[in-house]
Amino acid sequence: MKRVWRELRPFRWIIALAIVYGIAHVVLAQISAHRGILAPDGDVDRGYAAFAIAMLGFRIALVVLAPMVVTYRLAMRLSAQLDRHPADQAARVDEQRDEDAP
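Numbers given to residues run from 1 along each chain, matching the order in which its sequence is written. Reporting of local features is limited, given that this is a predicted model, to residues whose pLDDT is at least 70; pairs of side-chain atoms are given and counted only at 80 or more, and all residues count toward the totals for whole chains, interfaces and linings. As a rule here, side-chain values come from all non-hydrogen atoms in the structure, and water together with hydrogens is ignored.

## Some words on the overall build of the chain
Quick reminder of the rule: Counting from the N terminus, the helices are DSSP H or I runs at least four residues long and the strands are E runs at least two residues long. For every residue, the accessible area obtained with a 1.4 Å probe (protein chains only) is divided by the maximum for its type, and the residue is called buried under 20%, exposed over 50%, and partly exposed between those limits. Contacts between residues were defined by any pair of non-hydrogen atoms, one from each residue, lying within 4.5 Å. A 1.4 Å probe and the Shrake-Rupley method give the accessible areas. Residues count as covered only by the protein chains that appear here.
Across its full length, the chain carries three helices and zero strands. Reading the chain from its N end, one meets helices and strands in the order α-α-α. Within the chain, buried positions represent 12% of all 102 residues. Of the contacts made within the chain by residues no fewer than 6 positions apart, 66% connect residues no fewer than 24 positions apart. As presented, the chain carries roughly 8,400 Å² of accessible surface, and 65% of it is formed by carbon and sulfur atoms.

Take a look at the structure:
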């Protein structure tokens, strides 16, 4: 279980953002069911509009930025693992060469 948490550590902010977005989405849906951004007299509900704009920012972050960050981190991790293997193989070849030498 420790390994799972260690592997997820770089993605904590994405997980937190998704949880906050989910809660805020439910709240926005409840608010939207009872009223809209514009009142019948033409006034704009500034608090509701600010909340809707914040939700748009959350959505952009989750749909665009989060996959980019996850892809980048996974690519860097895979690259580091691939770089490690040739060095290990070269070290093994050197060890075998040393053992075979008279």
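Picking up where we left off.
## A look at the nonpolar core
Applied cut-off: Here, the term nonpolar core denotes a set of buried Ala, Val, Leu, Ile, Met, Phe, Trp, Tyr and Cys residues that are joined through side-chain atoms within 4.5 Å.
If you look at the biggest cluster of nonpolar residues, it comprises eight residues: Leu-17, Tyr-21, Ala-24, Leu-28, Tyr-48, Met-55, Ala-61 and Leu-62. Breaking this core down by element, the ones donating at least two residues are helix H2 (12-34) and helix H3 (46-100). Residues within four places of Leu-17 in sequence aside, it is in contact with Phe-58, Ala-61 and Leu-62.

## Structural notes on the environment of Leu-65
Mapped onto the elements, Leu-65 comes out in helix H3. Overall, Leu-65 belongs to the partly exposed group, its relative accessible area being 42%. Residues Leu-65 and Ile-14, 51 residues apart in the sequence, show an inter-C-alpha distance of 9.3 Å.

## Some remarks on the environment of Gly-22
Checked against the element boundaries, Gly-22 lands in helix H2. It is 9.7 Å that separates the C-alpha atoms of Gly-22 and Phe-58, two residues lying 36 residues apart in sequence.

## A look at a nonpolar patch on the surface
Spelled out, the test is: The patches described consist of residues with a relative accessible area above 30% and no salt bridge, like charges being joined within 9 Å and nonpolar side chains (Val, Leu, Ile, Met, Phe, Trp, Tyr) within 5 Å. For salt bridges, the criterion is a side-chain nitrogen of Lys or Arg within 4 Å of an Asp or Glu carboxyl oxygen.
A surface patch of nonpolar side chains, about 810 Å² in accessible area, is lined by Met-1, Val-4, Trp-5, Leu-8, Ile-15, Ile-19, Ile-23 and Val-27. Among the secondary structure elements, those contributing two or more residues to the nonpolar patch are helix H1 (2-8) and H2. The element that contributes the greatest number of residues to the nonpolar patch is H2, accounting for four residues. Relative to the assigned elements, Ile-23 resides in helix H2. You can call Ile-23 exposed: its relative accessible area is 54%.

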